[in-house]
Amino acid sequence: MRKFYSISIFLISLALVAFGVWIVFNPTVSLRVFTLSIGILLIIHGIVEMISFVEQRKIWNISFIFLVNGLLSFVVGGITLFVPDLAEQTCVYIFAIWLLLSSLIQMYAAFSLRDVRGWGWLLAVGVIIFVFAIASLLSKMTVAFVVSLSFGLYFIVQGIGLFVIWLLLRRVTRRTIYRD
């Protein structure tokens, strides 16, 4: 069992790192998978809300809003799955607008803290976010790159973490920690 576990962790760590690297170098696929995942979650949420309304309306005073929310989630999730290009573009615009507002708040905070040492760094971060927000509004690929970089780095870090666990487990000589 110990050898099987050790080999499994090693292989999973390699697979996670490889998958993370693949994601980083395929940003359009990453954005598509991210968008479709959101669509699937919205459909599941919509179904749960509609079933909850139907089952619970006689037991307790559940609002009609739950049914409307469920229908809306289901429809938006369906549109996301069947028209993924529109959903991707919508996600990109929402992300870009969020970045734009965030950068403006960051710059406002920086100017409010002008008397504090280091306020320029806060302003610089706000300006960088502002530039990135404008780039995101102009190009879907900018957001796709950020999504793929985020997902890819997550998998790479997880793979490295498992690899470190594998290295540590190889050093353990006492068999008492393994309950064979």
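Residues numbered from 1 in each chain as written. Predicted model: local features only at pLDDT ≥ 70, side-chain atom pairs only at ≥ 80, totals over all residues. Heavy atoms only, no water.

Novice: Got a minute to help me understand the nonpolar core in this structure?
Specialist: Nonpolar side chains tend toward joint burial in soluble globular proteins. Within the largest apolar cluster, five residues are counted, these being Leu31, Val92, Val143, Ala144 and Val147. Looking at this core, the element that brings in the most residues is helix 6 (residues 140-171), giving three residues. Those residues in contact with Leu31 that lie beyond four places of it in its chain are Glu88, Val92, Lys140, Val143, Ala144 and Val147. (Core = buried A, V, L, I, M, F, W, Y, C linked by side-chain atoms within 4.5 Å. Buried < 20%, exposed > 50% of the residue type's maximum accessible area, 1.4 Å probe, protein only. Helix = DSSP H or I, 4+ residues; strand = E, 2+ residues; numbered from the N terminus. Contact = heavy atoms within 4.5 Å.)

Novice: How should I be thinking about the pattern of salt bridges in this particular structure?
Specialist: Two side chains bearing opposite charge may form a pair once their charged atoms approach each other closely. Overall, the coordinates contain two salt bridges when judged by the stated rule. Among the salt bridges present, the one from Arg32 reaches Glu88, with a minimum N-O distance of 2.3 Å. Of the two residues, Arg32 sits in helix 2 (residues 27-56) while Glu88 sits in helix 4 (residues 84-112), which places them 56 residues apart along the sequence. With a relative accessible area of 29%, Arg32 lands in the partly exposed category. By relative accessible area, which is 3% here, Glu88 ends up buried. A cluster of three or more residues bridged by salt bridges with shared partners is formed by Arg32, Asp85 and Glu88. (Salt bridge = Lys/Arg side-chain N within 4 Å of Asp/Glu carboxyl O.)

Novice: Got a minute to help me understand the side chain of Thr142 in this structure?
Specialist: With respect to the helices, strands and loops of the structure, Thr142 is situated in helix 6. The residues touching Thr142, leaving out its near neighbours within four places in the chain, are Phe132, Ala135 and Ser136.

Novice: How should the packing of aromatic side chains be read in this particular structure?
Specialist: Aromatic rings considered in pairs are described by the distance between their centres and by the relative angle of their planes. Per the stated rule, a full pass over the model turns up eight aromatic pairs. A centroid spacing of 4.9 Å and a plane angle of 75° characterise the contact between Phe19 and Phe155, whose relative ring orientation is edge-to-face. Taken together, the residues span a long stretch of sequence, with Phe19 in helix 1 (residues 2-24) and Phe155 in helix 6 at a distance of 136 residues. By way of ring pairs, the aromatic residues Phe19, Trp22, Tyr154 and Phe155 are connected into one cluster. (Phe/Tyr/Trp six-rings, centres within 6.5 Å; stacked < 30°, edge-to-face > 60°.)

Novice: Would you mind showing me how to read the environment of Pro84 here?
Specialist: Among the secondary structure elements, Pro84 is positioned in helix 4. C-alpha of Pro84 to C-alpha of Asp115: the two residues are 31 residues apart in sequence and 48 Å apart in space. Among residues more than four places away in sequence, those in contact with Pro84 are Arg32, Thr35, Leu36 and Ile79.

Novice: Just checking my understanding: could you explain the environment of Phe25 for this structure?
Specialist: Tracing the chain through its elements places Phe25 in the loop between helix 1 and helix 2. Each C-alpha atom, one on Phe25 and one on Val125, is 26 Å from the other, the two residues being 100 residues apart in sequence.

Novice: When you look at helix 1 in this model, what are you seeing that I'm missing?
Specialist: One full turn of an α-helix is made of 3.6 residues, so residues set three or four places apart face in the same direction. Helix length check: helix 1 (23 residues) gives 33 Å between terminal C-alpha atoms against 33 Å at 1.5 Å per residue, within 8%. Listed in full, the buried residues belonging to helix 1 are Ser6, Ile9, Ser13, Leu16, Gly20, Ile23 and Val24. On its buried face, helix 1 is in contact with helix 2 and helix 6. (Expected span 1.5 Å × (residues − 1).)

Novice: Would you take a moment to explain helix 5 (residues 119-138) for this structure?
Specialist: Relative to the 28 Å expected for 20 residues at 1.5 Å per residue, helix 5 spans 29 Å between its end C-alpha atoms, a close match to the ideal helical length. Among the residues of helix 5, Leu123, Gly126, Ala133 and Ser136 are the ones counted as buried. Buried residues in helix 5, looked at end-on, bunch into an arc of 140°, giving them a common side. Of the residues in helix 5, the exposed ones pointing more than 90 degrees away from the buried face are Trp121, Ile128, Val131 and Leu138. (Arc of directions from axis to C-beta.)

Novice: Explain a nonpolar patch on the surface here, please?
Specialist: A cluster of nonpolar side chains, contributed by Ile40, Ile44, Ile47, Val48, Ile51, Phe74, Val75, Ile79, Leu81, Phe82, Val83 and Leu86, occupies part of the molecular surface with about 1100 Å² of accessible area. Mapped by element, the contributors of at least two residues to the nonpolar patch are helix 2 and helix 3 (64-82). With respect to the secondary-structure elements, Phe82 resides in helix 3. Exposure remark for Phe82: the relative accessible area of 73% places this residue in the exposed category. (Patch = residues over 30% accessible without salt bridge, like charges linked within 9 Å, V, L, I, M, F, W, Y side chains within 5 Å. Areas by Shrake-Rupley, 256 points an atom, 1.4 Å probe, with all protein chains shown as cover.)

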